[in-house]
Structures are given as structure tokens and as C-alpha cells.
There are 2 protein chains.
Amino acid sequence: MIGAGNMATQLGMALLEKGHQIVQVWSRTQQSAAKLASKLNCPFTTETSSITSKTDIYILAINDTAIESVLSQRSWGDTLVVHTAGSTSMNILAPYCANYGVFYPFQTFTIEKKVEFDHIPICIEANTPQNLEILNGLAHSISQNIRLFDSNQRQQIHLAAVFVCNFVNHFYTIGEKLLTEKGIDFEILKPLILETASKVIYQSPESSQTGPASRNDKVVIDKHLAMLANDPDLKNLYSLLSERIIQTHKS
Amino acid sequence: MIGAGNMATQLGMALLEKGHQIVQVWSRTQQSAAKLASKLNCPFTTETSSITSKTDIYILAINDTAIESVLSQRSWGDTLVVHTAGSTSMNILAPYCANYGVFYPFQTFTIEKKVEFDHIPICIEANTPQNLEILNGLAHSISQNIRLFDSNQRQQIHLAAVFVCNFVNHFYTIGEKLLTEKGIDFEILKPLILETASKVIYQSPESSQTGPASRNDKVVIDKHLAMLANDPDLKNLYSLLSERIIQTHKS
């Protein structure tokens, strides 16, 4: 396991749980390498030159920007090498490896929160049918939800994820901040947050849209804009999004 | 039940299910009044002059902008009158009613999707302790989650809801659109959407933040901006939000 961040931790634990052996953890920093290695019951190293060659697969679960740098620091022989990055093409691996692919568990991971992999889409891609078959088997050992996408499709999926996960979570942060300012606990938002997400499992987001902008209720929109007068950036964001919703539901 | 939209439908059905009788439905349009009345097993009217006086409570589940207009069209005697609007002050009722309050089930409602009320926060407010007690009893008959907030606090809660529900749902719509453009099914986003929401039930939104902006990964951010080149508004939105996340996680 090359990397010891959110992805490496959650994927490593899922693999271990399903009976795979993690042979070794590599990370740039001693602390994070040691921490993950102890979770995965394996040795660790911080030197790329000390990365073992006795493994069936190298999983690069590191930042997109670090992939090429790590790849160039040693030779990988005939061993299958995959990266786990949404927005990085598979071909970045071609100059460095004979057998390569992408193994992209499509979920939001943080180190502390354990994730059940059973239904997580695993997006796989490989340079040969044989390697794809190996990745398919590995993916099936941890999830029932395997998808074959090329690098272009995977990039688009990652872009969509930034909106439905990263930006959504930022709006949760804004919601919490707005309530904290008035001494109200974030707790009250939780049933709404869960229902908003659950709704689009069963009906389209467009038919789920509610709120002042969806009914073009200028009175409420103007009230809210006035309440945001002391935060021009947030006020601007509110305007932009309300206008988008008004346009979407007009057409 | 004054109104026959999303809120009137879901609240009416929840009250009926818990043994309350809905005496009559009023709505401006015959079609929506008849539709809800048939769900609630009661007569309906489209004339404010024909609204019955034989009821314990009038529930105004109508647009914020319609409340005063409807209130002014008849007299309400001593009967308790409540509105269900997040961003409208309780005092709007004062000129028209002797006994009044607010009964605000804090959730996103659409007509078709049935909602379980048991854990929905019901925010109540009334002009007298006696009326508050009545609303408290009514609220407890459909939910275990009752909150006392004044109109200012309720407005702030509604503002927060626009971010964590309405704007969030708009991002689900954007996610769907981005995938549809490349022939990819929205289905693949669902586990991510659910996990993103579930995470903040157990940990703070700030500690849940992931994605390129949270790690200030300019390479991925620039790739995504390039992918949005043909949609300048969406590209602008991506920039604004990424910058906000970068700032939040820097400080």
C-alpha cells in the first residue's frame, strides 16, 4: 500500500477484512506510515528504495500530484501497479510499469470513519484484459458494485463528485456556521440533511427541489439576502444559486 | 387545512394518521383542494368565505406571500390560527387573530413522497403560554422532536436549510447533468450522496471535508475548471466554492 491517507487507510482496512494480506505500507512520513501499518498488521517504510518487490500488486493511494514522482523513484518490474485517483488518467502509469490500471473506490473517505465497502462503486480500468480480470476479482472481493469506465468517464464522475460531495459538505459547514452564530445547535439540521439525500435515491433531484428559489418566492429570497448583508461572499453565493434554481425550474 | 401544497399534504396526512380529524381543506384551485381532500377524507372549498368555523385550529400551510391576503379575507374569531412558514414572523398573524402561533415542521416536503414525522423537528411559537401548550400537544402527537424558537431563530434555521437542503439538492441536479452529458447513470452517485450526508450525523462537517480544494490540489482543480470551460457559470461556481473551502481549511 503506497500511501497512508484517507483512501489508503479505508481501502487497506477493507482489503484486510476480506482476507487479503497487506505486505507493507509506504508513506513519506514515519508517523502516518507507522499508524496505518499498525492498523494493517504489517511493516512499513518511508524509503521508496525499501519498497518490497514481494507483492502481487502495488496500490498507489496518494495525491494525484505525487503519483509520477513516486513512480519515477524505483522500477516496478512486471508487478501490477494501480492508482486510485479519480482525475488522473491511467496512461500516467505507462512509462513506468508493464502492467497497470486504475482501482478507484468511489466514496468520500476520512481516516477516522470506517466505511462499509459492500455497495461502493469500484471503478476499474487496466492496460490488458488479463489485468482487468485481476482488478475485477480484487474489486469483487470487497464490493458487489463494480464499474468499468475509461479515464475520461472517471474524470467526469470525479467532477460530479466534487459537486455532490465536497461542495455539499461545504454547505453543511455553512449551515452549521449560520446556526452557531445564533446559538442554535447543528443537531436540528440532521433530519433535513438525511431526508434531502434519501429523496434523490427514489426520485430525480429536479423533482425533489423545494425552497424559495424553486417557487420563485422573491419575498423570502430578499429576506435571506438581507440577513446575509454582513457576509458579501455568502450573499453572492446565495444569489447565484437561487438564480440557477429559478432558471432551472422556469425552463 | 388552509393550503394544499407540499407542506399541507404531508402535514395533513401525518395528523390524520395519528388520529386527528381534518375538518376541511381550502385551496385557491379546485383541483389541488379536491386532491388533498380526498387524501384526508374531508370536504373542501375554494372560497375563503366558506371556510368552516367548526374547528379547533386553522393551519395556514401556504406560501409566505399568500398568508396576509388569506388572513384578511375573513374573521377567525377566537380559534387558534397558525402558519407553517420558516421565514415569516409570528406577528404577521396579530392583526387578524386573537389566538395565534407558528407550527413549523422542519423538513423538505414534496407532494408525492411520504415523510415519517416521528423525528422531524417541529418548531413552535405562540402568543400565549396556553396556546403554546396546545401546539406542544399537537406537535407531540406526530413527533418526538419539539423545539421552541422565536421568529428570529426560526428565520435563521430556514436560511441554514436553504443551504443544506435546497442548494444541496441543486448540486445533486448538477451532478446528474454532468453525468448525463457523458452517458453515465446518476445511480453511481447515490452511495456517495448518502455517505456524505450520513458522515455529518457523527462528525462535524468541517472534519468531514474531503476533495481537491480541501487539500489545495491545484492540479485537479485546474483540470476540473478546464472541463467546465463550456459552462462559464458553473465554472465560476466551482471556483468560488473551491476558494471558500481552501480558505476554510487554511485557517
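Quick caveat, the model's predicted, so the values are computed rather than measured.

Some details on the side chain of threonine 108 of chain A
Logical step 1: By secondary structure assignment, the location of threonine 108 of chain A is in the loop between strand S5 (100-105) and strand S6 (122-126).
Logical step 2: You can call threonine 108 of chain A buried: its relative accessible area is 4%.
Logical step 3: A distance of 3.1 Å separates polar atoms of two side chains, one belonging to threonine 108 of chain A and the other to lysine 199 of chain B.
Logical step 4: There is a polar contact of 2.9 Å between the side chain of threonine 108 of chain A and the side chain of threonine 210 of chain B.
Logical step 5: Not counting residues up to four positions away in its chain, the partners in contact with threonine 108 of chain A are Val115 and Cys165 of chain A together with Leu192, Glu195, Thr196, Lys199, Ser208 and Thr210 of chain B.

Some thoughts on empty space enclosed by the protein
Residue and element names in this part refer to chain B.
Logical step 1: This model, assessed by the stated rule, comprises four cavities of 30 Å³ or more.
Logical step 2: The volume enclosed by the largest cavity comes to roughly 80 Å³.
Logical step 3: Lining the largest cavity are Gln10, Met13, Ala14, Glu17, Lys18, Lys114, Val115, Glu116, Phe117, Asp118 and Ile142.
Logical step 4: Among the elements that take part in the lining of the largest cavity, helix H1 (residues 6-17) stands out by supplying four residues, more than any other.
Logical step 5: Residues belonging to the lining of the largest cavity are distributed by class as follows: five nonpolar, one polar and five charged.
Logical step 6: In this model, the second largest cavity occupies a volume close to 60 Å³.

Brief notes about helix H3 (residues 64-71) of chain A
Logical step 1: Three or more residues of H3 of chain A are buried, namely Asp64, Ile67, Val70 and Leu71 of chain A. Buried positions in H3 of chain A, seen along its axis, are confined to an arc of 105° and lie on one side of it.
Logical step 2: Tucked into the core, H3 of chain A has its buried residues touching strand S1 (25-26), strand S3 (57-60) and strand S4 (80-83) of chain A together with helix H8 (218-227) of chain B.

Describing the confidence of the model for chain A
Logical step 1: Overall, the prediction assigns chain A a mean pLDDT of 96, with 100% of residues at 70 or greater.
Logical step 2: Reported for the predicted complex are a pTM of 0.94 and an ipTM of 0.94.

Re the packing of helix H9 (residues 232-250) of chain A against helix H9 (residues 232-250) of chain B
Logical step 1: At their nearest, the axes of H9 of chain A and H9 of chain B sit 12 Å apart, and the two run at 150° to each other. At the point where H9 of chain A passes H9 of chain B, the crossing takes the left-handed sense. Where H9 of chain A abuts H9 of chain B, its residues Asp233, Leu234, Asn236, Leu237, Leu240, Leu241 and Arg244 of chain A lie against Asp233, Leu234, Asn236, Leu237, Leu240, Leu241 and Arg244 of chain B.
Logical step 2: A class-by-class count of the residues in the contact of H9 of chain A with H9 of chain B yields eight nonpolar, two polar and four charged.

Side note on the relation of the copies chain A and chain B
Logical step 1: After a rotation of 180° and a shift along the axis of 0.0 Å, chain A superposes on chain B with an RMSD of 0.0 Å. Both copies of the chain, as the preceding transformation shows, are related through a two-fold rotation axis. Using C-alpha coordinates, one finds that chain A approaches the rotation axis most closely at valine 168 of chain A, a distance of 2.7 Å.
Logical step 2: Taken together, the interface assignments show that 100% of the residues at the interface of chain A recur at the interface of chain B, consistent with an identical surface on both copies.

Some words on the interface of chain A and chain B
Logical step 1: Facing 90 residues of chain A, the contacting portion of chain B comprises 90 residues.
Logical step 2: Across the chain A/chain B interface, buried area totals approximately 9,000 Å², and carbon plus sulfur atoms make up 70% of it.
Logical step 3: At the junction of chain A and chain B, the tally comes to four salt bridges.
Logical step 4: With a shortest N-O distance of 3.6 Å, aspartate 64 of chain B and arginine 215 of chain A are connected by a salt bridge.
Logical step 5: Our count for the contact surface shared by chain A and chain B stands at 30 residue pairs in polar contact (both at pLDDT 80 or more).
Logical step 6: In terms of residue count, helix H5 (residues 151-181) of chain A provides more of the side of chain A that touches chain B than any other element does, 26 residues in total.

Rules of the game
Residues numbered from 1 in each chain as written. Chains lettered and ligands numbered in written order. Predicted model: local features only at pLDDT ≥ 70, side-chain atom pairs only at ≥ 80, totals over all residues. Heavy atoms only, no water. Helix = DSSP H or I, 4+ residues; strand = E, 2+ residues; numbered from the N terminus. Buried < 20%, exposed > 50% of the residue type's maximum accessible area, 1.4 Å probe, protein only. Polar contact = N/O pair within 3.5 Å; in protein donor to acceptor, adjacent residues only side chain to side chain. Contact = heavy atoms within 4.5 Å. 1 Å grid on protein atoms, 1.4 Å probe; cavity = no way out; pocket = protein on both sides within 12 Å on 5 of 7 lines; lining within 4 Å. Points joined across faces, edges and corners; volume = space filled by probe spheres on them. Nonpolar A, V, L, I, M, F, W, Y, C, P; charged D, E, K, R; others polar. Arc of directions from axis to C-beta. pLDDT = per-residue confidence, 0-100. Axes fitted to C-alpha atoms, helices over the stretch in contact; angles between N-to-C directions. Left-handed = near helix turned anticlockwise from the far one by under 90°. Least-squares fit on C-alpha atoms with pLDDT ≥ 70 in both. Buried area = accessible area lost by both parts, 1.4 Å probe. Salt bridge = Lys/Arg side-chain N within 4 Å of Asp/Glu carboxyl O.

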